[in-house]
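Observations on the three-dimensional arrangement
In case you want the letters, here they are:
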Amino acid sequence: MTGIKYSSQMVAKPYFIFALILLAGEILFGLLMGINYLNGDFLFPYVPFNVMRMVHTNLLIVLILFAFMGATYYLVPEESERELWSPLLAKIMFWVFAAAGVATILGYLLVPYATLAEITYNSILPTMGREFLEQPTITKIGIVIVALAFIFNIGMTVLKGRKTVITVVLLTGLVGLAVFFLFAFYLPDNLVLDKFFWWFVVHLWVEGVWELILGAILSFVLIKVTGVDREHIDKWLYLIIAMTLVSGIIGTGHHFFYIGAPSYWLWIGSIASAIEPLPFFLMVIYAFTMAKQRRIDHDNKIALTWAKGTAVMAFLGAGVWGFLHTLAPVNYYTHGTQLTAAHGHLSFFGAYIMIIFTIISYAMPIMRGRPHGNGPKAQKVELTSFWMMVIGMLGLTFALTAAGIWQVVMQRMGVDPLSFMQTQAQIAPVYMVRLGFGVMVFVGLLLYLYSFFVKDTPLEESVA
């Protein structure tokens, strides 16, 4: 017997499970890349570095989409106070999306990329070959079909049920996600135009509409585990989302530095980017204020820990580390160095992977018949995994930051700079440290997965 309010919420379960499986694969390929930085011939020619990187980044994107869909299927029925419009459609789209995702990853691993482009008829509508958007055109079309079916299903549920600020913000983010993905089908011949519009997908996803989805999920969990009045939550959510949209959309300009775009983007991008950390700082205040003002002491304490951790790590990764190298005069030297990788890893982990852990840690026990959350032993294991992953990712980020600064000094400054490969050889010891912390993150994830199988006394029985 589950503890859910609406039976259709169970649709979320396979989405969450598959997202966690993909996360394990994503981190594993990250570790393989870490080894490759130390031994350039590792697994070559069977799995070249460029293939590892495609799999690593594509798994990240797909797992986040799966988790967002699962979170939406779970919270929308509860927010709308009605069953999902079509649980069957949600189940069908899960298998369609999963099959397309697995087939694409296997294509990367088993078929040379040029051959993959040829056999998927990329020549008819060329979209392949761009970073993060390497998927064959046929896969992109599949993603659009899945997204449209998903948004239709959720939209019908929201329209027929209660409307809340959380569902409105969430649906706005989901529609934006689908709309901006359409730029993945636009491939101009001019390289400057290509990069200009490419950022309409990549930036406006991760620093725009995805943040709306993040805010909605975070607010839902905070309402459930703190009992704070919805009106209070709504005011904070509106403020954060407004600042996110204004700074995030205009902040796209910080990607237009030195790519051939007009020079006024140096000013627009720098000024808007200076504002971008503010919504994340507000998110930290928001999460901790809600926790302090909580009206209930929910037994699922680890879900609240993840929620607060999400706000802090998102502020550090997307806010602080983003700002470190986003001003045009600084970015002139740092662009494309390991500082970019440091920001990317910490921001994706803090903002999106941790909100995934937050909603899964809250919802999964309920779907497994534990409305009070996992038992004390399981939560203790999960808390250990929380700190292992957080410390591991911070250590990895500091290592990449040191490597990036070292890279700038040796390769891009001075009267006699070193070549790229000479610089990489000098940085190798830092890459060893980075790999060690990456292993810590992976072990932390394994502990997180193990926590769901810990034999424990249900909380309601232990309290009784």
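Residues numbered from 1 in each chain as written. Predicted model: local features only at pLDDT ≥ 70, side-chain atom pairs only at ≥ 80, totals over all residues. Heavy atoms only, no water.

Residues F66, Y73, W205, W210 and F357 are the most contacted members of the largest nonpolar core, which totals 146 residues. At 23 residues, the largest contribution of residues to this core is made by helix α7 (residues 191–226). Core analysis: the second largest hydrophobic core is formed by six residues, A403, M410, I427 and V430 among them. (Core = buried A, V, L, I, M, F, W, Y, C linked by side-chain atoms within 4.5 Å. Buried < 20%, exposed > 50% of the residue type's maximum accessible area, 1.4 Å probe, protein only. Helix = DSSP H or I, 4+ residues; strand = E, 2+ residues; numbered from the N terminus.)

Evaluation of the coordinates by the stated rule reveals 48 aromatic pairs. Aromatic side chains F18 and F66 sit 4.9 Å apart centroid to centroid with 65° between the ring planes, which places their arrangement in the edge-to-face category. Residue F18 is found in helix α1 (residues 12–38), and its partner F66 is found in helix α2 (residues 49–80); the two are separated by 48 residues along the sequence. A relative accessible area of 16% means that F18 is categorised as buried. A relative accessible area of 0% places F66 in the buried class. Ring geometry for Y37 versus F49: centroids 5.6 Å apart, planes at 80°, classification edge-to-face. Residue Y37 is found in helix α1, and its partner F49 is found in helix α2; the two are separated by twelve residues along the sequence. (Phe/Tyr/Trp six-rings, centres within 6.5 Å; stacked < 30°, edge-to-face > 60°.)

Together, L245, V246, I249, I250, Y264 and I268 line one region of the surface with nonpolar side chains, adding up to about 510 Å² of accessible area. Of all elements in the fold, only α8 (230–250) and α9 (264–275) reach the threshold of two or more residues within the nonpolar patch. Per-element tally for the nonpolar patch: the top contributor is α8, with four residues. Structurally, V246 can be placed in helix α8. (Patch = residues over 30% accessible without salt bridge, like charges linked within 9 Å, V, L, I, M, F, W, Y side chains within 5 Å. Areas by Shrake-Rupley, 256 points an atom, 1.4 Å probe, with all protein chains shown as cover. Salt bridge = Lys/Arg side-chain N within 4 Å of Asp/Glu carboxyl O.)

This next bit is on the confidence of the model for the protein chain. Per-residue confidence for the protein chain gives a mean pLDDT of 93, with 98% of residues at or over 70. Helix α16 (residues 459–463) is the least confidently modelled element of the protein chain, averaging 47 in pLDDT, while α1 averages 97, the highest of any element. (pLDDT = per-residue confidence, 0-100.)

Structurally, S273 can be placed in helix α9. At a separation of 2.6 Å, a polar atom in the side chain of S273 contacts the main-chain carbonyl oxygen of G269. Of the polar contacts made by the side chain of S273, one reaches the side chain of T326; its length is 3.2 Å. (Polar contact = N/O pair within 3.5 Å; in protein donor to acceptor, adjacent residues only side chain to side chain.)

Under the counting rule described, the total for this entry stands at seven salt bridges. As a salt-bridge pair, E78 and K224 come within 2.7 Å of each other at their nearest N and O atoms. Of the two residues, E78 sits in helix α2 while K224 sits in helix α7, which places them 146 residues apart along the sequence. Note that R230 and E79 form a salt bridge whose closest N and O atoms lie 2.7 Å from each other.

Looking now at empty space enclosed by the protein. Applying the stated criterion across every chain yields a total of two cavities of 30 Å³ or more. A volume near 160 Å³ is recorded for the largest cavity. Lining the largest cavity we find 18 residues, and of these V62, F97, Q135, T139 and I143 sit closest to its centre. Mapped by element, the contributors of at least two residues to the lining of the largest cavity are α2, α3 (87–110) and α5 (137–160). (1 Å grid on protein atoms, 1.4 Å probe; cavity = no way out; pocket = protein on both sides within 12 Å on 5 of 7 lines; lining within 4 Å. Points joined across faces, edges and corners; volume = space filled by probe spheres on them.)

Between its first and last C-alpha, helix α10 (residues 277–292) extends 23 Å over 16 residues, near the 22 Å set by a 1.5 Å rise per residue. For α10, the complete set of buried residues consists of P277, P279, F280, L282, M283, V284, Y286, A287, T289, M290 and A291. Considering only its buried residues, α10 is in contact with α7, α8, α9 and α11 (301–324). (Expected span 1.5 Å × (residues − 1). Contact = heavy atoms within 4.5 Å.)

This paragraph deals with the layout of surface pockets. Of the pockets and cavities examined, the second largest pocket occupies roughly 260 Å³. Elements with a minimum of two residues in the lining of the second largest pocket: α2, α5 and α6 (165–181). Split by residue class, the lining of the second largest pocket holds 18 nonpolar, no polar and no charged. (Nonpolar A, V, L, I, M, F, W, Y, C, P; charged D, E, K, R; others polar.)

Between α1 and helix α15 (residues 420–451), the shortest axis-to-axis distance is 9 Å and the interhelical angle comes to 160°. Taken together, the axes of α1 and α15 are roughly antiparallel relative to one another. For the crossing formed where α1 meets α15, the hand is left-handed. Broken down by class, the residue content of the contact of α1 with α15 amounts to 19 nonpolar, three polar and one charged. (Axes fitted to C-alpha atoms, helices over the stretch in contact; angles between N-to-C directions. Parallel < 35°, antiparallel > 145°, perpendicular 65-115°, else oblique. Left-handed = near helix turned anticlockwise from the far one by under 90°.)

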